[in-house]
Amino acid sequence: MKLGFNEATCMKRSTVEQDLALCEKYGYEYIELRLDMLKDYLSRHKISDLQNFFKSSALKPYAFNSIEDINFCNTSQWEKLTELFRFGCEVAQAIGNPYIVVVPTMGDDMSCRTHDEIFSDSVNVLNHLADMAKPYEVKLAFEPIGDKRWCVRSLAQALEIVTAVNRHDVGLVLDSINLYMYNKLEDIDTIDLVPAEKIFVYHIDDCEDLELGVLDHCHRLYPGDGVIPLLSITEKLHKKGYEGSCSVELFRPEYWKEEPEDVIKTAAQKTRKFL
Ligand code: ZN
C-alpha cells in the first residue's frame, strides 16, 4: 500500500499549503484533502495553484473528506449537502482527485431506524450522488462508522449496501477504528468478503484500550500505539491485492496541539510498518 495523509490529523493547527509541503517532505505518496480546509485554501489561492502543485509533485490527491450525514436528509439539508458535494466534484475533477468520502448519518435517534429503512435510503442516496458525480468522473467511497450513533456501522452492512448499488463508481472506505468500534473486530473476517475492487480507501489509525460506547474518535492513536490488530488488517488487504492509499487519519486533540511537522513526521514513521 502507499503512504497517505488525511488532513484531519493536523486540522486544528495546519493549512492545505502546510500539509502539502510537509507531506512532500516526509515522503507521503497521497493526501486526502478536507473540503473545509480546501475552501479556506481557495480563499487565498486559485485552483490553478493547486493544479500546478500536483503537476510538479510526487504527492498526489486521493480522496476528499467528507460529505457527512447523507441519510434521511430533509430538503434544506439535502440542498446544503449537494452544494458542498458539487464543489467537491468540481475541484476533484480539476486536480485529478479520484474519490470523495461519504459518511452515513449520525444521531441519537439512528438506533430507532430499521435495517431495511437504512438500507433503502443508503442505496437511494448513493445512487443520487453517484449520478451527480458521474460527469466529473469522481467515485464515492462510503465509510461505515462503528459507533452506535451512526446509522451504517458495520462493514457487512456497508458491503450489503454498495453491493446493491452495484456501480463501479461506488465503493467503500475501511477505517481501522471504525471497524474496531463496531465490535472490537470480532467480525474481522468480513474484510475477506469485500471484493478487492470495492475497497477504494483505507484509513489507518490505532486507539486506546477503552470500552465500546466510551471509545470515540478523540481516542485515536498513531498506528502501532494502541490495541487494534493493524497487522492482521494489513495482511488481509495484501492478500486481496489492495494497493491504494493507507491514509493515516487521527482526530486526536493532543496531536492537534503539537507542531504539524512533528505529527506528520511521526505519523509517516509509525504508519510505514503497516503498509
Ligand atoms: Zn476514516
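In the block above lies the structure referred to throughout.
Residues numbered from 1 in each chain as written. Predicted model: local features only at pLDDT ≥ 70, side-chain atom pairs only at ≥ 80, totals over all residues. Heavy atoms only, no water.

Novice: How should the packing of aromatic side chains be read in this particular structure?
Specialist: For any pair of aromatic rings, geometry is given as the distance between the ring centres together with the angle between the planes. For the structure shown, the criterion picks out 6 aromatic pairs. Consider the rings of tyrosine 30 and tyrosine 62, whose centres lie 4.6 Å apart with planes at 55°: the pair is tilted. On the criterion of sequence distance, the pair formed by tyrosine 30 in strand β2 (residues 30–32) and tyrosine 62 in the loop between β3 (60–61) and β4 (63–67) is long-range, its members being 32 residues apart. Arranged with centres 5.2 Å apart and planes meeting at 80°, the rings of phenylalanine 53 and phenylalanine 54 form a pair that is edge-to-face. No difference in accessibility class separates phenylalanine 53 from phenylalanine 54, as the two residues are buried. Cluster of aromatic residues (ring-pair linked, three or more members): Tyr30, Tyr62, Tyr99 and Phe200. Taking NZ or CZ as reference, lysine 39 lies 4.9 Å from the ring centre of phenylalanine 87, over its face. (Phe/Tyr/Trp six-rings, centres within 6.5 Å; stacked < 30°, edge-to-face > 60°. Helix = DSSP H or I, 4+ residues; strand = E, 2+ residues; numbered from the N terminus. Buried < 20%, exposed > 50% of the residue type's maximum accessible area, 1.4 Å probe, protein only. Lys NZ or Arg CZ within 6 Å of the ring centre and 35° of its normal.)

Novice: Please explain the packing of helix α2 (residues 35–42) against helix α4 (residues 75–95) as it appears in this structure.
Specialist: The relative placement of two packed helices is expressed as an angle between their axes plus a distance between the axes. One can describe the packing of α2 onto α4 by two numbers: an axis separation of 11 Å at closest approach and a directional angle of 65°. Classified by the angle their axes make, α2 and α4 are roughly perpendicular. Considering the relative orientation of α2 and α4, their crossing is left-handed. Of the residues in α4, those in contact with Leu35, Leu38, Lys39 and Leu42 of α2 are Leu84, Phe87, Gly88 and Val91. (Axes fitted to C-alpha atoms, helices over the stretch in contact; angles between N-to-C directions. Parallel < 35°, antiparallel > 145°, perpendicular 65-115°, else oblique. Left-handed = near helix turned anticlockwise from the far one by under 90°. Contact = heavy atoms within 4.5 Å.)

Novice: Which parts of the structure should I look at to understand α2?
Specialist: Owing to its 3.6 residues per turn, the α-helix brings residues three or four apart onto one side. All buried positions along α2 are accounted for by Leu35, Met37, Leu38 and Tyr41. In a view along the axis of α2, the buried residues occupy a sector of 155°, so they form one face of it. Its buried side turned inward, α2 meets α1 (16–25), α3 (47–56), β4 and α4. (Arc of directions from axis to C-beta.)

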